[in-house]
Amino acid sequence: MLGKTHMMVGIAATLAITHPDTLSGFVTAAGIGAIGALISDIDVGTSSSHRDANKVIFLTIAVAVIFLAVDYFGKFGLVQTILQNSSIVRILLGVALFLVVCAFGKETPHRSFMHSFTALAALDAALCLIYPSIAVYFTIGFLSHLATDIFNKKKVRLLYPMKGGVCLNLFHAYGTANTVFFIAGCAVTALETILLLVRIAGNFTA
């Protein structure tokens, strides 16, 4: 799947499962879910070209920057909440662990470590050091990536470092299936956005 497809499926899955009932919760779920859905493919540079990995890294950073900007200008207070409920030491340790895991994963073969429950556990541990509440959104996004990748023809090593993997061998990463997943992700995200706005409007009129 293309990065934009993984991102939209990740956002849609995160919103559909968590059903945030506030605008700040919606932004948090969508932003962290998107990062979780994108991060696995930083290993694509070891399979085809480093340009692909760089695109994924750029898109992930872009999502993070947009999320922080929306949090700041929208005055949602997520960053402030993290600072109030964690410590600088925990935050720095969490960020360092997250970067170390990603640096290791970037040098591993495509759909191995970074597409495994092992990587998910390590990255979740890093996020829990920073602020445990965001780990659930990241987990859903990450798992959505694994779920869509197993439909492809290349095996996904879910139980890394164990050998072997899982694939349903139904279609290639590009083409019609990629388009279908992307449209489905956009549709579900749009629906969840409308439902949130209806809930907010209902709270104002109640």
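Everything below is about the structure printed above this text.
Chemist: Would you mind going over the packing of helix H5 (residues 88–106) against helix H6 (residues 117–130) with me for this structure?
Modeler: Two numbers describe a pair of packed helices, the interaxial angle and the distance between the axes. Interhelical geometry of H5 versus H6 gives an angle of 160 degrees and a closest axis separation of 7 Å. Our classification of the angle between H5 and H6 gives roughly antiparallel. Along this stretch, H5 crosses H6, giving a crossing that reads as left-handed. Packed against H5, whose contacting residues are Arg90, Ile91, Leu93, Gly94, Val95, Leu97, Phe98, Val101 and Cys102, the element H6 presents Ala122, Leu123, Ala125, Ala126, Leu127, Cys128, Leu129 and Ile130 at the interface. For the contact of H5 with H6, the residue count by class is 15 nonpolar, one polar and one charged.

Chemist: It is not clear to me how helix H2 (residues 23–38) should be interpreted in this structure. Could you clarify?
Modeler: In an α-helix, one full turn covers 3.6 residues, which means residues spaced three or four apart are oriented alike. Compared with the 22 Å implied by 1.5 Å per residue over 16 residues, the 23 Å span of H2 between its first and last C-alpha is a close match. By the criterion of burial, H2 is predominantly enclosed, with 14 of the 16 residues buried.

Chemist: Can you help me understand the side chain of Thr14 in this one?
Modeler: Relative to the elements of secondary structure, Thr14 occurs in helix H1 (residues 3–18). Apart from the residues lying within four places of it in its own chain, the contact partners of Thr14 are His19, Ala29, Gly33, Tyr137, Ile140 and Gly141.

Chemist: Would you mind showing me how to read the packing of aromatic side chains here?
Modeler: Centre-to-centre distance and the angle between the planes together describe a pair of aromatic rings. Using the criterion set out here, one finds six aromatic pairs in the structure. Seen in terms of ring centroids, Phe151 and Phe181 are 5.9 Å apart; in terms of plane orientation they differ by 50 degrees. Their pairing is tilted. Taken as a pair, Phe151 in the loop between helix H7 (135–149) and helix H8 (176–205) and Phe181 in helix H8 lie far apart in primary sequence, 30 residues in all. Three or more aromatic residues joined by ring pairs make a cluster, and in this case those are Phe98, Phe138 and Phe142.

Conventions adopted
- Residues numbered from 1 in each chain as written.
- Predicted model: local features only at pLDDT ≥ 70, side-chain atom pairs only at ≥ 80, totals over all residues.
- Heavy atoms only, no water.
- Axes fitted to C-alpha atoms, helices over the stretch in contact; angles between N-to-C directions.
- Helix = DSSP H or I, 4+ residues; strand = E, 2+ residues; numbered from the N terminus.
- Parallel < 35°, antiparallel > 145°, perpendicular 65-115°, else oblique.
- Left-handed = near helix turned anticlockwise from the far one by under 90°.
- Contact = heavy atoms within 4.5 Å.
- Nonpolar A, V, L, I, M, F, W, Y, C, P; charged D, E, K, R; others polar.
- Expected span 1.5 Å × (residues − 1).
- Buried < 20%, exposed > 50% of the residue type's maximum accessible area, 1.4 Å probe, protein only.
- Phe/Tyr/Trp six-rings, centres within 6.5 Å; stacked < 30°, edge-to-face > 60°.

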